[in-house]
Each structure stands twice: as C-alpha cells, then as structure tokens.
Amino acid sequence: MTLPPVPKSAALTLAEQTPCSSKRLLIVVLAAGESKRFEGVKLAQLIPSLSATETREQAIICTHIELLQQLHCQDLDLERQDTHSPQHTPLLVILGAHQHILQPLLAELNSRQPFDILINPHWHTGLASSVSLAASYAKEQGFDAMLLTLADQVALSADDYRQLILTWHETGKDVAAHYLDDLGVPAIFNASTLPLFTHLSGDRGAKSILKQQAQQGALVAITLPRAAIDIDTQADLASWLALKE
C-alpha cells in the first residue's frame, strides 16, 4: 500500500498557518483497558513529569493529559469563537476497568483545565467499544474531527501532536501516525469517517479504518517513530524509566 506523503507545508509553524478557528477538533485519550499484561493499574504508575518548570513524578495518565492540555492552551485555538456561550474544552478521557483509581488522579488537572470524562461500561469487550463511544460523542457534539491517542503512549511529544494537527488542517484528510511499517494512532478522523466506527468490535481499534481510508486516498500518513513506544508490561515500564534517567 502506497501512502500519501506529508505536504511540506505541514512542517510550518503554527504562526505561519492560516487561522483555523472554524474547525473544532476533539482530542480523545483512550484509557479504559484492564492492562492485564501489566498485572496492575498501568496508568497509575509514576513516571517523570514532562513539565519544564519542575522535576516531579506523576501517573502515566496524568502526564499524558497534561501534555495535551498544554498543547491546546498554548498553541492551538481550534474552537469557534462564540462570546455568547461558555467555551468548551475539546478534550475527552475514556475510562473503564480502573475508573475508581484513575478518576481521582485526574481531579487536579480537571480543576485547572476542565475536560470531559466518559465511563465505558463495556470496556471488557475490547478497545473497539471505547473507540465507538468516543466517535459517537464527537458526532453528537458536532466536532469536525476526532484525534485518538492511547494513554500509555508515553514517548509522544507536543511537536508530534502539532505535526499531526497541522497536517490535518493543511490537507483536510484523515491523518495517521506511521511507525513500525504500519499505520496507527495517534490519528485524526474527520466527522465523515466517524460512522465507520459503529462497525468495530473486539480489540480491532481503529487500524482497519485507517487502512481503508488510506486505500481510498482519504488519509495522509506522517512518520512518528515515538508512537511505537507504549507501556504494556512491567518490563516495558522499567525500560522506559531507564531511558529517562
């Protein structure tokens, strides 16, 4: 399968882009899994914070969400400007298996920069149920697109997300990360693609839809090697922490 190349203009800084406040992008953090292979509550494990102002540790899920909050607050204004209604923060977190442990961990971040949380009661059926729930929410709320990311993708940077979002604005197509010779998340799906998620089941996630869109020329792939790093086992976490030292 030949993937469309990334337009050169997608590498431009946000300041060089045409203002895009007419498009609303929902950023979704998928965090509902049981993390059975980890043998514990993976997303509650402590890792070094990405904060530039202080050295501290916080839960994996908090580090991930804080990064996305900073990206939205400092760099992107993706919402229609409407002075007659409260501004909605376009960030959604899907919880499930460990909601009673993870949700309290998010309280401080939520108080500083409010975001929505949905509980997936069908988390045990696989990743597809969370993806479908997120797509339904995005469609009901009238978002123009949805960015999916996994809470345990610990290596992704703000620049990775900027590149993904700028490519979406430049091309108007769905956009996916390309790593390990395959398509994957993080990925952005336009509203027109969201109905396809109703047909997913089990642990298929969004990969089948990514490949379908690519084959139809409706998707652009960008190389994001850091997306290949996630935490599935205790050994994965130990290796990641060793790299951070």
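The structure presented is a predicted model; accordingly, all values stated were derived computationally and were not measured.

Thresholds applied
Residues numbered from 1 in each chain as written. Predicted model: local features only at pLDDT ≥ 70, side-chain atom pairs only at ≥ 80, totals over all residues. Heavy atoms only, no water. Buried < 20%, exposed > 50% of the residue type's maximum accessible area, 1.4 Å probe, protein only. Helix = DSSP H or I, 4+ residues; strand = E, 2+ residues; numbered from the N terminus. Pairing = 2+ DSSP bridges. Phe/Tyr/Trp six-rings, centres within 6.5 Å; stacked < 30°, edge-to-face > 60°. Lys NZ or Arg CZ within 6 Å of the ring centre and 35° of its normal. pLDDT = per-residue confidence, 0-100. Contact = heavy atoms within 4.5 Å. Salt bridge = Lys/Arg side-chain N within 4 Å of Asp/Glu carboxyl O. Axes fitted to C-alpha atoms, helices over the stretch in contact; angles between N-to-C directions. Polar contact = N/O pair within 3.5 Å; in protein donor to acceptor, adjacent residues only side chain to side chain. Core = buried A, V, L, I, M, F, W, Y, C linked by side-chain atoms within 4.5 Å.

## Details of the pairing of strand β4 (residues 91-95)
So, step 1. With 5 of 5 residues buried, β4 lies mostly within the body of the structure.
So, step 2. Side chains of β4 alternate between two faces, with Leu91, Val93 and Leu95 and Leu92 and Ile94 buried alike.
So, step 3. Pairing analysis gives 5 bridges linking strand β1 (residues 25-31) to β4, with the strands arranged parallel. Directly across from leucine 30, in β4, lies its bridge partner isoleucine 94.
So, step 4. As paired elements, β4 and strand β5 (residues 116-119) share 4 bridges and run parallel to each other. Each bridged residue has a counterpart across the sheet, and for valine 93 the counterpart in β5 is isoleucine 117.

## Notes on the packing of aromatic side chains
So, step 1. Using the criterion set out here, one finds 1 aromatic pair in the structure.
So, step 2. Their ring planes at 90° and their centres at 4.9 Å tell us that phenylalanine 189 and phenylalanine 197 sit as a pair that is edge-to-face.
So, step 3. The aromatic ring of tryptophan 168 is capped on one face by lysine 23, whose charged end is 4.7 Å from the ring centroid.
So, step 4. Arginine 24 extends its terminal NZ or CZ atom over the ring of phenylalanine 143, reaching a point 4.1 Å from the ring centre.

## Describing the confidence of the model for the protein chain
So, step 1. On average, residues of the protein chain score 84 in pLDDT, and 82% of them reach the 70 mark or higher.
So, step 2. Across residues 1-20, confidence stays below pLDDT 50; counting only partners more than four residues off in sequence or on other chains, it has 35 contacts.
So, step 3. A low-confidence stretch, residues 78-88 (pLDDT under 50), is modelled with 24 contacts involving residues beyond four sequence positions or located in other chains.

## Considerations on the pattern of salt bridges
So, step 1. Using the criterion set out here, one finds 9 salt bridges in the structure.
So, step 2. The partner of aspartate 152 in a salt bridge is lysine 42, and the shortest N-O contact between them spans 2.8 Å. Highlighted residues: aspartate 152 in the loop between β6 (145-150) and α5 (158-171) and lysine 42 in the loop between β1 and β2 (46-48), separated in sequence by 110 residues.
So, step 3. For aspartate 160, the salt bridge identified is with arginine 226, shortest N-O distance 2.9 Å. Remark: arginine 226 occurs in the loop between β9 (219-223) and α7 (234-244) and aspartate 160 occurs in helix α5; sequence separation between them is 66 residues.

## Section: the sheet that holds β6
So, step 1. Pairing within the open sheet is mixed, and its 7 strands lie in the order β5-β4-β1-β6-β8-β7-β9. Of all the strands in the sheet, the pair left with one neighbour each is β5 and β9. Averaged over all adjacent pairs, the angle separating strand axes in this sheet is 25°, with direction ignored.
So, step 2. Bridge analysis of β1 against β6 gives 6 bridges, and the strand direction is parallel. Within β6, the position partnered with leucine 25 by the bridge is alanine 145.
So, step 3. On top of the sheet, helix α4 (residues 127-140) reaches β1, β4, β5 and β6; it is set at about 155° to β1, its chief contact.
So, step 4. On top of the sheet, α5 reaches β1, β6, β7 (174-179), β8 (182-190) and β9; it is set at about 55° to β8, its chief contact.

## A short note on the side chain of glutamine 153
So, step 1. Within the element layout of this structure, glutamine 153 appears in the loop between β6 and α5.
So, step 2. In this structure the side chain of glutamine 153 is engaged in a polar contact, spanning 3.4 Å, whose partner is the side chain of threonine 149.
So, step 3. Leaving out residues up to four positions away in the same chain, glutamine 153 has contacts with His64, Tyr179, Val185, Pro186, Ala227, Ile229 and Asp230.

## With respect to the nonpolar core
So, step 1. Grouped together as the largest cluster of nonpolar side chains are 44 residues, with contacts concentrated most on Ile61, Ile65, Val93, Leu106, Leu147 and Ile188.
So, step 2. Elements that contribute at least two residues to this core include exactly β1, α1 (60-75), β4, β6, α5, β7 and α7.
So, step 3. With 7 residues, α1 is the single largest residue contributor to this core.
So, step 4. Not counting residues within four places of it along the chain, the set of residues in contact with valine 93 comprises Val29, Ile61, Ile65, Leu106, Phe115, Asp116, Ile117 and Leu118.
So, step 5. Counting 29 residues, the second-largest nonpolar core is a separate cluster that includes Ile94, Ala138, Phe143 and Leu200.

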